[in-house]
Amino acid sequence: MTWVRRVALGGLVLLLVLAVTAGLFVTWTVRRSFPQRDGSHALAGLDADVTVYRDAHGVPQLWADTATDLFRAQGFVHAQDRFWEMDFRRHVTAGRLSELFGADQVKTDEFVRTVGWRRVAQQELRLLDANTRTYLKAYADGVNAYLVGRSGSELSLEHSILALTNRGYHVEPWTPVDSVSWLKAMAWDLRSNLDDELDRALLSRTLQPAQVEQLYPAYPFGEHPTILPTTALPETYRLNAARVAPSAGEGRTLRGVKDLLDSVPELMGPHGSGLGSNSWVVAGKYTATGSPLLANDPHLGPSLPSVWTQMGLHCTTVDAACPFDVVGFTFSGVPGVVIGHNAHVAWGFTNLAPDVADVYLERITGDTYEYDGQQLPLEVRTETIRVAGEAPRRLTIRSTRHGPLVSDVLRWWRRAGGGHGVALRWTALTPGRSMDALFALDGAGEWSELRVAASLFEVPAQNIVYADTDGHIGYQSPGKIPVRTGYDGRWPARGWTSEDDWTGYVPFDQLPHALDPPAGFVVTANNPVVPPAYPVFLTDDWDYGYRADRITDRLTALTQRGAVTADDLVALQGDTRNNLAPDLLPALLAVRPPARSRAAVGVLRQWDGLQGEDSVGAAYFNAVWRQVVRLTFDDQLPKRERADGGGRWMDVVTGLLGQPDSPWWDDVRTATTESRDDVLNRALGLAYDDLAGKQGGDPADWRWGSLHALPMESPTFGQSGIAPIEWLFNRGLMPVAGGESTVDATGWSADDGYRTDWIPSMRMVVDLADLDASRWVLHAGASGHPFQQNYTDQSELWRRNERLPWLFSRPAVRRAAAHTLVLTP
């Protein structure tokens, strides 16, 4: 027995030693890539020292003597914090995911190569200003200086895991094209109405044209605001009548292309009818300080790490040679600041969403296509896709005069040898100078300089709100927006006739803009910029204005009160009112509910319409809304075009509430004819059943925040399907307030469930009276390293609609610094 005990004890000791060793090894591996934050570090290529201050949340602010030193240091610091994210992004934009993850990604790579994001970026690089190319080169040099002597776990935890499954992968040097290419991915995810264009055509295969139009109602100009208002507001607006439904062959190809679009990684977030962003600016005549206040919260898909990273870029002496003194939100992999402020000017972005892309139905015969009665040769090029663990694949890419033939990616279509093809025309495939615009924005000192910067910002076109320290506020629409004459871009175009060609682009001076508008504030929330009477057509597929209406109402009340403060704007960013409730709730309460749901309906009678985390009423109302959408539309819509419950569907259902016997209420799968009240009654009961199954049968136990939780997940290894690996990168579910088409826009899809799938990716309020009094927050954190303290340390602040101090001046930044690193030549 003594011998047995000794063996057992020895075994336990050995297991303990192995466990401790494994734990130490894992800890060493995890921490090995953490950035150096204090002391000094030699950075090759610098002309002089660069100081990097970091606050307690890991946010870096850089001071340098020259612009090239500044961007070289930015590249180094971005790589310190986010190199895996940068490496992954450049593989997406280059169509090279297969090199990382194997054959499962070949189809995605084929699509991205066919569209040619990186190819266009290479062409753009030659068009850019000489200073821009110098900054891009300096940034790349800084990234590459960080990469020297590092590999695997020295770069990131992700790279160490990748090395276990893909030993042949080696990190390549960073290039300026890698940075420029990211703007193409950004433009793709903000590509406006391309999905609606395809959906209209696909729905027309099973619905009558009038039914399709009912599902895409005109923007309610008489009820919801435009960004720049006027007096005469017609009720509806259409350029042209609907097209004829596509043939069976065209429909099959369009269906395949739509599935292809859906398969491309959504680096900025999902597409939906409620997706958007908020920004507004208030003139000093209404504020407590007498200077403008500017707020912005772009709505993008959630991810770990955050889509954005915060940073300050400061020239020690600001002059013509080194004109940057700017702080704000950046994209890792891209030099400069995208949204933020400098010493004189602040700006914010929301997606303008003009119609800048069309799919063209093409008549293909062999390697030719029909155009105005002639057979023209297709342009042909080939590329090689390398695949981890497998032989390379050859890809043949063909294009018409309109753009790349994306239907070629569909293998069944290529095997057919021709027929009804689909080409993509998109403004982002024409080389431009949007990268020049970023640096011009960062250095703008007043309104005219911002407009010059905006004139270069071709894609993705954004609403720009503006404020400056001289007291001015403004709005500018930028972008390369096509002019159409034969059609309005709402349906696929005919590639075989010049009647559907673009005839040019809207001149910048004709794009909507305003300096110091009479209202004293500007609100942008993806609603129409101008009324229909405006001579330039931007798009007909706007957000339906629920957020814009609520923000405008609250700002009107605040400005009438006067002495508006930054706290007021912070509170407005966290507004959770459900903007559908005023229309739908009275109809629900007028229906006799099923017996099992009467207690829950009683909660609705007392509900204040707000969607806080702990709200019982919000949980039940949204569950009922989900059932209303499904019961009304699922029987008549194809599964892949199901209603998502966003702003467009809110407008559709609000219109149907006044038509109790509309055919949409009827379930065509049953022998009876259902009415509005039948649907609402059944929705009340099914919603109760749904919540009882999820959170218990007592409505007092229901909570909207838990039902509507936000998945805190990495988009790469966090969705690997391997639980231990996912645990390393993901942080579970976070209950959140807000909802669809709400100012606090935590979106969800009625077709998929309640979980949050897009969010205010950051929130900021700039105080032009005292820039050090500005505030900001990310939804996660500054760091891209999963076990580093700043990976998600802003999440609770974001969840509670709180902010961090957004310091700007060097003395304030130095006082708040928790870490100081000096980069030396």
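Note: the structure precedes this text.
Criteria and thresholds
Residues numbered from 1 in each chain as written. Predicted model: local features only at pLDDT ≥ 70, side-chain atom pairs only at ≥ 80, totals over all residues. Heavy atoms only, no water. Helix = DSSP H or I, 4+ residues; strand = E, 2+ residues; numbered from the N terminus. Expected span 1.5 Å × (residues − 1). Buried < 20%, exposed > 50% of the residue type's maximum accessible area, 1.4 Å probe, protein only. Polar contact = N/O pair within 3.5 Å; in protein donor to acceptor, adjacent residues only side chain to side chain. Pairing = 2+ DSSP bridges. Axes fitted to C-alpha atoms, helices over the stretch in contact; angles between N-to-C directions. Contact = heavy atoms within 4.5 Å. Disulfide = S-S within 2.5 Å. Salt bridge = Lys/Arg side-chain N within 4 Å of Asp/Glu carboxyl O.

Enquirer: Help me out: how do you make sense of helix H19 (residues 616-633) in this one?
Expert: Residues spaced three or four apart along an α-helix face the same direction, because each turn holds 3.6 residues. Taking 1.5 Å per residue, 18 residues should reach 26 Å; H19 reaches 26 Å between its end C-alpha atoms and fits that length. Of all 18 residues in H19, 17 are buried; the element is thus mostly enclosed. The N-cap residue of H19 is Ser-615: its side-chain oxygen and the backbone nitrogen of Gly-617 are 3.5 Å apart.

Enquirer: What is the right way to look at the sheet that holds strand S1 (residues 39-42) in this model?
Expert: Two modes of strand pairing occur in sheets, parallel and antiparallel, and in both the strands are linked by backbone hydrogen bonds. Here we have 11 strands laid out as an open sheet, ordered S1-S30-S2-S3-S6-S7-S8-S9-S17-S18-S22, and mixed in their pairing. Each edge of the sheet is formed by a strand with only one pairing partner; in this case those strands are S1 and strand S22 (513-515). Put simply, the sheet's adjacent strands are angled 15 degrees from each other on average, direction ignored. Sheet topology note: the S1/strand S30 (residues 819-824) ladder contains 4 bridges and is parallel. Note that in S30 the partner of Gly-39 across the bridge is Leu-821. Contacts from helix H2 (residues 67-93) reach S1, strand S2 (50-54), strand S3 (60-64), strand S6 (309-315), strand S7 (325-330) and S30 within the one sheet, and its direction differs from that of S6 by about 160 degrees. In the packing of helix H14 (residues 447-456) onto the sheet, contacts are made with strand S9 (345-351), strand S17 (462-468), strand S18 (473-476) and S22, and the angle to S18 comes to roughly 15 degrees.

Enquirer: Looking at this structure, I do not really get the state of the cysteines. What am I missing?
Expert: Where two cysteines share a covalent bond between their sulfur atoms, that bond is called a disulfide. In the structure shown here, the tally under the stated rule is 1 disulfide. Disulfide partner of Cys-315: Cys-322, at an S-S distance of 2.0 Å. Across the S-S bond linking Cys-315 and Cys-322, the dihedral sits near -80 degrees, which makes this disulfide left-handed. Across the pair, exposure class does not vary: Cys-315 and Cys-322 are buried alike.

Enquirer: In this structure, what is going on with the environment of Thr-469? I would like to understand it.
Expert: With respect to the helices and strands, the residue Thr-469 is situated in the loop between S17 and S18. A relative accessible area of 31% means that Thr-469 is categorised as partly exposed. For the pair formed by Thr-469 and Ala-346, sequence separation is 123 residues and the distance between their alpha carbons is 8.6 Å. Excluding anything up to four places from it in sequence, Thr-469 contacts Ala-343, His-344 and Leu-768.

Enquirer: Can you walk me through the sheet that holds strand S14 (residues 390-400) in this structure?
Expert: In spatial order, the strands read S13-S14-S15; together these 3 strands make up an open sheet with antiparallel pairing. At either end of the open sheet lies a strand with only one pairing partner, and these are strand S13 (379-387) and strand S15 (403-404). Where S14 and S15 come together, 2 bridges link them in antiparallel fashion. Bridge pairing links Ser-399 to Pro-404 in S15. The strands that helix H4 (residues 106-115) touches are S13, S14 and S15; relative to S13, the one it contacts most, it runs at about 145 degrees.

Enquirer: So what exactly am I meant to see when it comes to unusual backbone geometry here?
Expert: Glycine aside, a negative phi is what most residues show, and trans is what most peptide bonds show. Following Leu-304, the chain continues to Pro-305 via a peptide bond in cis, the omega torsion being -5 degrees. Note on placement: Pro-305 falls in the loop between strand S5 (293-300) and S6. The backbone of Asp-372 shows a phi angle near 50 degrees, a positive value even though the residue is not glycine. With respect to the helices and strands, the residue Asp-372 is situated in the loop between strand S11 (368-371) and strand S12 (374-377). A residue is classified by how much of its surface remains accessible, and Asp-372, at 42% relative accessible area, is partly exposed. Its identity is not glycine, yet Ala-563 carries a phi of approximately 55 degrees, on the positive side. With respect to the helices, strands and loops of the structure, Ala-563 is situated in the loop between helix H15 (546-561) and helix H16 (566-573). Residue classification places Ala-563 among the partly exposed residues on the basis of a relative accessible area of 44%.

Enquirer: Looking at this structure, I do not really get the pattern of salt bridges. What am I missing?
Expert: Two side chains bearing opposite charge may form a pair once their charged atoms approach each other closely. Across all of its chains, the model carries 53 salt bridges by this definition. Here Lys-258 ties to Asp-199 by a salt bridge, and the two come within 3.7 Å at their closest N and O atoms. You can see Lys-258 sitting in helix H11 (residues 248-263) and its partner Asp-199 sitting in helix H9 (residues 194-203), a full 59 residues away along the chain. Note on Asp-199: relative accessible area 12%, which makes it buried. A salt bridge links Asp-567 to Arg-775, with the shortest nitrogen-to-oxygen separation between them at 2.6 Å.

The quantities given are spatial measurements derived from coordinates; they are silent on function.
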